[in-house]
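Geometric and topological summary
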Amino acid sequence: MAEQKTIDFLRKKFSSFYRENFIDSVPEIERREFGYGEYGKKIIARHYSFGSAKEFNSFLREKTPFYVSYSPAFYDFPDKRPMERKKYLKSDIIYEFDADDLKTECKQKHDSWKCRECKAEGKGLVERCPSCGSATETTEWVCDECLEATKKQTLKLINFLENDFNFTEGISVNFSGGKGYHLHLRSEKIQGLNANARIELVDFLTAQEIDLEQLGFVYSNKKMLCPMESTAFGWSKKILFSLKNMIEKDEAEKIAALGNARVSTIKKILEKKELVLKGMQNGFLFPVTRADDSSKNFWESLLSNLVEKEKLFLDRQTSVDLAKIIRVPNTIHGSTGLTATEFEREKLMKFNPLKESIIFSTNPLKVFVRTAPKFSLGGENFGPFEEQETDLPEFAAIYLMARNSANLSEKQTFGKSLSKKFSPAFSEKAGIEQKRI
Ligand SMILES: [Zn+2]
Ligand SMILES: [Zn+2]
């Protein structure tokens, strides 16, 4: 557990951030429910409301919680309890992408586990101890690689929303401040959707219970039939589109891998590409071998693998639970000391969360680090550290203290800035008014 002086130090730093920055990221703030958390606990109290952004900012400056969340839902009486007495009006939809939900290879490098019973330990995320089967304690980190994977999911979602649903208005994106991204959908069209429609939407995005036959891919008369491009929509259209794309680009290796076939076989078929594409227009997919059986297997494997590749891995609960509250954009994430930076969605491709969400300085700070793998922050590499005292730029020291990996050292030596490479890029790139403190 972190020492009290570390917690006090963090609160003081967070408070000075809120004194210098006015947080105005919640539309119709007086209709929202708020909750907040303290060191190590994301939500300890909820059912709060604020009459204005000004009132909310006074709260942030004076109380300075470690986490603050708001409701995507709008209420007549947001502070009443139980929930029914709030009088629900409408709700935004929030989609959450978290690096924990994606199986990226980098986890083998930066995550670790320890057995609660036999004390065995190792790298990666392991829920059950391989030697004794007991539950493990896991330590998770993020890096550019896993955050990039969640970014890809977010981009894919925006693509789904724009192309499949024509939702182009009222989309707001922010870094979560920790392990991923949040997408807030705030258009009137979205706000009026009932609970069932929200479930249908998330089922579509995550490709729940997809039935290839229902989508028009039917094996009949020794042929795999496909829907007609002109009338296809939703997943049928998506599948046809990526299939056509792979054929047009001669991606024989990719097709073979998805369908579990020999590359040479597919290459041969693609020699007659025009014929293959014409067949698709007429409602059937190319046969793979003369044995009908393997053609059926090939197509079933390819089509379902395509769906796996295209579907989204998002936190289902966040998007369908009308009573859930979520981090207020541009506030501090108390486990990292980074902000949940909001930015224009056109900037998503280039957004660098581990650089542009840094709000603290490069002034040196002495901390005692319990344990940390090699990690990258603000474009610099730090660590690995094991039970040692070290000088770090303030932003990196705060990052470790916030995630309970370090404590503030007793003796501080004040000198010149430790990091020359690091340049404050937060406000220009994010396009919001925030100052480095
Ligand atoms: Zn064990
Ligand atoms: Zn990673």
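Residues numbered from 1 in each chain as written. Chains lettered and ligands numbered in written order. Predicted model: local features only at pLDDT ≥ 70, side-chain atom pairs only at ≥ 80, totals over all residues. Heavy atoms only, no water.

**Regarding the packing of helix α4 (residues 144–165) against helix α6 (residues 195–205)**
Relative orientation of the contacting elements α4 and α6 amounts to 115 degrees, with a least axis distance of 11 Å. It follows from the interaxial angle that α4 and α6 lie roughly perpendicular. Considering only the axes of α4 and α6, their crossing is right-handed. Along its contact with α4, which presents L157, F160, D164 and F165, the element α6 presents L201, F204 and L205. Tallied by class, the residues present in the contact of α4 with α6 amount to six nonpolar, no polar and one charged. (Axes fitted to C-alpha atoms, helices over the stretch in contact; angles between N-to-C directions. Helix = DSSP H or I, 4+ residues; strand = E, 2+ residues; numbered from the N terminus. Parallel < 35°, antiparallel > 145°, perpendicular 65-115°, else oblique. Left-handed = near helix turned anticlockwise from the far one by under 90°. Contact = heavy atoms within 4.5 Å. Nonpolar A, V, L, I, M, F, W, Y, C, P; charged D, E, K, R; others polar.)

**With respect to helix α9 (residues 263–270)**
Buried within α9 we find I266, I269 and L270. For α9, the arc enclosing every buried residue in end-on projection is 95 degrees, short of the 170-degree limit, so these residues lie on one face. Away from the buried face of α9 by more than 90 degrees, exposed residues S264 and K268 are located. (Buried < 20%, exposed > 50% of the residue type's maximum accessible area, 1.4 Å probe, protein only. Arc of directions from axis to C-beta.)

**Side note on the coordination of the zinc ion (ligand 1)**
Every protein donor of the zinc ion (ligand 1) is accounted for by C115 (SG), C118 (SG), C129 (SG) and C132 (SG), and the metal-donor separations fall at 2.3 to 2.4 Å. Considering all four donor atoms around the zinc ion (ligand 1), the spread of angles at the metal, 101 to 118 degrees, places the coordination shape in the tetrahedral class. Counting gaps between the donor residues of the zinc ion (ligand 1) yields the pattern C-x2-C-x10-C-x2-C. Of the two residues, C115 sits in strand β7 (residues 112–115) while C129 sits in the loop between β8 (121–123) and β9 (136–139), which places them 14 residues apart along the sequence. The same class applies to C115 and to C129, which are both buried. (Donors = N, O, S within 2.8 Å, 3.2 Å for Na, K, Ca; no water. Tetrahedral: all angles 85-135°; square planar, octahedral: opposite > 155°, others 65-115°.)

**A word on the coordination of the zinc ion (ligand 2)**
Taken together, the protein ligands of the zinc ion (ligand 2) are C106 (SG), H110 (NE2), C143 (SG) and C146 (SG), with distances of 2.1 to 2.3 Å. Coordination at the zinc ion (ligand 2) is tetrahedral, judged from the four donor atoms that bind it and the angles of 104 to 118 degrees they form at the metal. Read N to C, the donor residues that coordinate the zinc ion (ligand 2) are spaced as C-x3-H-x32-C-x2-C. In this pair, H110 is assigned in helix α3 (residues 107–110) and C146 in helix α4, connecting sequence segments 36 residues apart. Taken individually, H110 and C146 each receive the classification buried, so the pair is uniform in this respect.

**Things to note about the sheet that holds β9**
On the basis of which strands lie adjacent, the open sheet formed by three strands has the order β8-β7-β9 and antiparallel pairing. A strand with exactly one partner marks an edge of an open sheet, and here the two such strands are β8 and β9. Strand-to-strand twist in this sheet, taken as the mean axis angle between neighbours without regard to direction, amounts to 20 degrees. As paired strands, β7 and β9 are joined by four bridges and run antiparallel to one another. Across the sheet, residue K114 finds its bridge partner in β9, namely E137. (Pairing = 2+ DSSP bridges.)

**Details of the packing of helix α8 (residues 252–259) against α9**
Taken N-terminus to C-terminus, the directions of α8 and α9 make an angle of 125 degrees; their axes are 8 Å apart at the nearest point. With respect to α9, the axis of α8 lies oblique. Viewed along their axes, α8 and α9 form a crossing whose handedness is right-handed. Listed contacts from α9 to A252, E253, I255 and A256 of α8 are V263, I266, K267 and L270. Per-class residue counts for the contact of α8 with α9 are six nonpolar, no polar and two charged.

**Considerations on the pattern of salt bridges**
In this structure the tally under the stated criterion is 23 salt bridges. Across the salt bridge formed by E33 and R46, the nearest N and O atoms sit 2.8 Å from each other. Of this pair, E33 sits in the loop between α1 (4–20) and β1 (34–38) while R46 sits in strand β2 (residues 41–48); the two residues are 13 residues apart in sequence, bridging distant segments of the chain. Across the pair R345 and E162 runs a salt bridge, and its minimum N-O distance is 2.3 Å. Remark: E162 occurs in helix α4 and R345 occurs in the loop between β18 (342–343) and α13 (353–356); sequence separation between them is 183 residues. (Salt bridge = Lys/Arg side-chain N within 4 Å of Asp/Glu carboxyl O.)

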